[in-house]
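Working through the structure, step by step
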Amino acid sequence: MALLLTLYSAAHFSAPLCMHDMRSETARNQGNGRIDPGQLFLRIPSTDRLREHLRYYTSGTHVAGINRTQAEHTRDYLAAQGVDAKIVEYYPWLNYPVNQRVALFNESTQAVEFEAGLQEDVIAGDSASEDPNNLPAFLGLSASGNVTGQLVYANYGTLDDFRALKAAGVSIKDKVVLVRYGGILRGLKVQGAERGGARGVLIYSDPADDGYCKGKVYPHGPWRPESSLQRGSVALIQVYPGDPLTPGYAATKDAQRLDPKDAKSLNGIPSLPLSYRDAEPLLRALVGHGKIASEISESWVGGLTARGVEYWTGPSTLAVNILNHVDFKTTPIQNVIGRIAGSEEPERAIIVGNHRDAWCAGASDPSSGSAVLLELARAFGELMKLGWRPRRTIIFASWDAEEYGLVGSTEWVEDNIDWIRADVIAYVNVDAAVMGSEFRASASPIFNDLLFAATKQVGFPGSNETVYDAWLRQSQMVQSSDNAGLAKGHNATPPVYTLGAGSDYTPFMSHAGVSSLDMGFGGGLGTYHSNYDSFKQMTTFVDPNFELHQAMTRICGLVVIRLADDAVLKLNPISYAKALGGYIRELERQVARHSAASSDVTTMKRFRRLRAAQRQFLTNAHLVEQSKHRLRSVYGEDCQMAGRRRRMNCRKLRKSINDRMSRLERHLIDPDGIPGREWYKHALVGPGRWLGYEAQIFPAIAEAAEDHDWKKLRQYEKRAAETIYEAAWFLREV
Ligand SMILES: *[C@@H]1O[C@H](CO)[C@@H](O)[C@H](O)[C@H]1NC(C)=O
Ligand SMILES: *[C@@H]1O[C@H](CO)[C@@H](O)[C@H](O)[C@H]1NC(C)=O
Ligand SMILES: *[C@@H]1O[C@H](CO)[C@@H](O)[C@H](O)[C@H]1NC(C)=O
Ligand SMILES: *[C@@H]1O[C@H](CO)[C@@H](O)[C@H](O)[C@H]1NC(C)=O
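Residues numbered from 1 in each chain as written. Chains lettered and ligands numbered in written order. Predicted model: local features only at pLDDT ≥ 70, side-chain atom pairs only at ≥ 80, totals over all residues. Heavy atoms only, no water.

As annotated in an unreviewed UniProt entry, the protein chain carries the name Vacuolar protein sorting-associated protein 70 and comes from Coemansia linderi.

Next comes the structure, spelled out in structure tokens:
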């Protein structure tokens, strides 16, 4: 149960009628005038308002740094709800498209065989597809260049794909590499090609991955039509996110900057995205050259076979020219930061954030999240009109330039690192709040109970289930068809995934050590980062009645209210300890694969030190539970049973419990960071070196195993175990 607050007397009550109804009903439910703000809150989110917010954000382009109006609107809207809001600017190094070309031609005659369109078709009835400000084919932070070479196809462009190509005797040196989207972060595909000596990279959307092989294409269904292309950033965020020129510190106006050629998060060769309509002639130019792809593996064959295309590796005899002329500049971006001061522990803060910038109209990514953020602010404003003040401070963040590589959030965290480490107890992220109808969450395991509780309180649209029920049911369907992955759920609870580096939680979790959580309704949308992720598409195929938006606002609000209001935080270090046990088992599996392949047969199978540290962590996590129990039975969570003289003792115990839980993540930070990319400091999780978005458990250890460096592996195991012990000691009552 949420903490019941004594809010106000009926005499001070001057809210609109609907509020009045809610108050009296809730008061009746709870008796004696104590009102549960969570219950009150659940009634407020409005589908009509959410629709209005989404219409606003999708009505004009808002690529990072080019729409200050939307930042001002966000600030002003928050302010009108009684939130103290301001714009906070940084000055990162970003680029914008100037001139792009992809052509296939005969080098001896110079005859052009095919010129790619690089534009998405206008679709009648979807005004977003006609916006003259829409970007052409473009990848954020891609290198400028004009390169020509024979073409080679490299499937998804993963490390394994490049190895398989090499094993098949196909070199990518001086070639233009064609890869398809999927599997790993874009930037890694370009990095892999660059390391192999390629001159340029084209990344296309294959119909097998999000086009007609999945279902009907837009405007007849939610999947990607033939002219659609996926924009995105090719920054190497697994090295460090944020401004490429100010790693580890804020990109303020006068900050010292790296020379761009020294920026380790930038790729050096040009790259562009392609639709499958533009990719088809390129794939056809490969037919008969090199190896037939199915001989490498069936997994190399994409969905254009339905159009009679055979997949071959090449190299082609025809040449491909990529022109990617981009304009790089130091340019201002606008975060909007709003604040509701806490009443009892104002120095402790919960941050709820979402990015605002989008490649296109961005209805799902991220404007559905921006709509949720505004509606959340409005709902909290209504609660404040009723006299509610959160116990702890709530901070709203509308980030800019997430799309280029988590830039707005990273610069802000770097700028405020000291007080964030001292006082921020949780970061709640919403990015694409609604991209489908399957609830998904990734989080520090300390949040599991809170997530389950919140999703049990919210109904799943169009059914009699709660979101929790639907989440569990849908995840069981997925699990039965796919046992892989890092889902941490037992059969009894839905999976809460491990955080990687896919959105603005990254600087909080991985750099500052703030427990973070990311959630949204996902699945089923094929028009990611295209002109067709539009208001029209959202209201036709995804959430016509805005009920998923409403459910998301409710879940997000409940989580924030509980974090801000509960006298004793509903965080669970025991869940963390158990998840940690799962991480170690997963690490052992991964390392066994590498050690089996190695000539060094010293057994690497068991991580005894880590296991011992995990047991200590679990034991001490139980001590926190015991303290909670003692607090409840001796004093009551509100210290209401402690007489005057013992109230101090109660408060001291309660503070110790809350601190031990909410600062635990800080103690899982290794100040030395992951070797080779020290910006990432979490000892247990980080983005994979070759995965990017996705989480890698114990990155330092796993990567030592990948490199077959068993000496380093033992050294890193020792270091990780020390960090876990340190966190375990911190859990003991002082
Ligand atoms: C900024 O966004 C607003 C609202 O979506 C829109 O009306 C305006 O045209 C956009 N400005 C630019 C420069 O695109
Ligand atoms: C790009 O390179 C091609 C081939 O070398 C050349 O013909 C063309 O003029 C160049 N384009 C630009 C814009 O420099
Ligand atoms: C290029 O054009 C010449 C002259 O027409 C022709 O002989 C040659 O086969 C062409 N090369 C390719 C790769 O098509
Ligand atoms: C919800 O429950 C009611 C009453 O049991 C039933 O009539 C209705 O059909 C159910 N709705 C759905 C969508 O299952």
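There's plenty left to go through after this.
**Some points on the site of ligand 1**
To keep it simple, the criterion reads: Note on terminology: near, applied to a residue and a molecule or strand, indicates that one of the residue's heavy atoms is within 4 Å of it. By the criterion applied in these results, polar contacts are pairs of N or O atoms within 3.5 Å in which, for protein atoms, one can donate a hydrogen and the other can accept it, and in which residues neighboring in sequence qualify only through two side-chain atoms. Here, Shrake-Rupley sampling with a 1.4 Å probe gives the accessible areas, and only protein chains in the shown set may cover a residue. Nonpolar residues are Ala, Val, Leu, Ile, Met, Phe, Trp, Tyr, Cys and Pro. Charged residues are Asp, Glu, Lys and Arg, and all others, Gly as well, are polar.
Around ligand 1, the neighbouring residues are Tyr56, Ser59, Gly60, Thr61, Ile66, Asn67 and Gln70. The separation between an oxygen atom of ligand 1 and a polar main-chain atom of tyrosine 56 is 3.0 Å. One of the side-chain nitrogen or oxygen atoms of asparagine 67 is found 2.4 Å away from an oxygen atom of ligand 1. Coverage of ligand 1 by the protein amounts to 63% of the 360 Å² it exposes when considered alone. A per-class count over the shell around ligand 1 returns two nonpolar, five polar and no charged.

**Digging into the environment of valine 372**
We count it as follows: Each helix is a run of DSSP H or I of at least 4 residues and each strand a run of E of at least 2, with the numbering of both proceeding from the N terminus. Contacts are assigned to residue pairs that have any heavy atoms within 4.5 Å of one another.
Locating valine 372 in the fold gives a position in helix α10 (residues 363–385). Distance from valine 372 to glutamine 550, taken between C-alpha atoms, is 7.7 Å for residues 178 residues apart in sequence. Setting aside anything within four residues of it in sequence, one finds valine 372 in contact with Leu50, Ala433, His549, Met552 and Thr553.

**A word on the site of ligand 4**
The local shell around ligand 4 consists of Gly462, Ser463 and Asn464. Contact with the protein chains covers 22% of the free accessible surface of ligand 4, which is 360 Å².

**Topic: empty space enclosed by the protein**
How we decide: Grid points spaced at 1 Å and placed over the protein atoms alone form the basis of the search, with a cavity being a set where a 1.4 Å probe fits but cannot get out and a pocket an open set showing protein on both sides within 12 Å along at least five of seven lines. Lining residues have an atom within 4 Å of a point. Grid points are joined across faces, edges and corners, and a volume is the space filled by probe spheres set on the points.
For the coordinates displayed, the defined rule picks out five cavities of 30 Å³ or more. In this structure, the largest cavity occupies an estimated 140 Å³ of space. Asp670, Gly673, Ala683, Ala700 and Arg719 are, among the 15 residues lining the largest cavity, the residues nearest its centre. Of all the elements in the fold, those that place two or more residues in the lining of the largest cavity are α21 (699–706) and α22 (710–730). Within the lining of the largest cavity, the residues separate by chemical class into ten nonpolar, two polar and three charged.

**Points about the sheet that holds strand β18 (residues 516–522)**
Note on sheets: strands pair through backbone hydrogen bonds, and any given pair is parallel or antiparallel. Heads up, the condition is: DSSP-based pairing: two strands are paired if at least 2 bridges between them are found. Only the contacting stretch of a helix is used when fitting its axis, a line to C-alpha atoms as for every element, and angles between N-to-C directions run 0 to 180 degrees.
Spatial ordering of the open sheet is given by β3-β13-β15-β14-β16-β18-β17, a layout of seven strands whose pairing is mixed. Either end of the sheet is taken by a strand with one partner, and the two such strands are β3 (84–90) and β17 (438–443). Pairwise comparison of adjacent strand axes, ignoring direction, gives a mean angle of 20° for this sheet. As paired elements, strand β16 (residues 424–434) and β18 share five bridges and run parallel to each other. Within β18, the residue paired with valine 428 across the bridge is leucine 517.

**Considerations on the sheet that holds strand β5 (residues 112–115)**
Read from one edge to the other, the open sheet built from seven strands follows the order β5-β4-β12-β7-β8-β9-β11, with strand pairing classed as mixed. What marks the edges here is a single partner per strand, and that holds for β5 and β11 (271–274). When the angles between neighbouring strand axes are averaged without regard to direction, this sheet yields 35°. Examined bridge by bridge, strand β7 (residues 145–153) and strand β8 (residues 176–180) share three bridges and lie parallel to one another.

**Structural notes on the domain arrangement of the protein chain**
Under the convention used in this document: An automatic or database domain assignment supplies the residue ranges for each domain. Salt bridges, as used here, are contacts in which a Lys or Arg side-chain nitrogen is within 4 Å of a carboxyl oxygen on Asp or Glu.
Split into domains, the protein chain comes out as domain 1 (10–91 + 333–453 + 498–565), domain 2 (93–330) and domain 3 (573–732). The C-alpha centroid of domain 3 is placed 28 Å from the C-alpha centroid of domain 1. Tallying the contact residues gives 32 residues for domain 1 and 28 residues for domain 3. There are one salt bridge connecting domain 1 and domain 3. Across the pair aspartate 659 and arginine 348 runs a salt bridge whose closest N-O atoms are separated by 3.3 Å. Residue assignment for the side of domain 1 that touches domain 3 shows that the elements contributing at least two residues are α11 (407–415), α12 (417–423), β16, α13 (448–456) and α15 (505–512). With six residues, the top contributor of residues to the side of domain 1 that touches domain 3 is α15. Partitioned by chemical class, the residues of the side of domain 1 that touches domain 3 number 13 nonpolar, eleven polar and eight charged.

**Points about α11**
Let me state the cut-off plainly: Each residue is assigned to one of three classes by its accessible area relative to the maximum for its type, calculated with a 1.4 Å probe on protein chains only: buried under 20%, partly exposed between the two thresholds, exposed over 50%.
Most of α11 is tucked away: eight of the nine residues are buried. Along α11, the positions that sit buried rather than exposed are Val407, Gly408, Ser409, Thr410, Glu411, Trp412, Val413 and Glu414. On its buried side, α11 packs onto β3, β13 (333–340), β14 (345–355), β15 (392–399), α12 and α15.

**Some words on the state of the cysteines**
Convention followed: Sulfur atoms of two cysteines make up a disulfide when they are within 2.5 Å.
This structure, assessed with the given rule, holds one disulfide. Paired through a disulfide, cysteine 639 and cysteine 650 show a sulfur-sulfur distance of 2.0 Å. Of note, the bridge from cysteine 639 to cysteine 650 carries an S-S torsion of about -80° and is left-handed in sense. Remark: cysteine 650 occurs in helix α20 (residues 647–662) and cysteine 639 occurs in the loop between α19 (608–635) and α20; sequence separation between them is eleven residues. You can call cysteine 650 buried: its relative accessible area is 0%.

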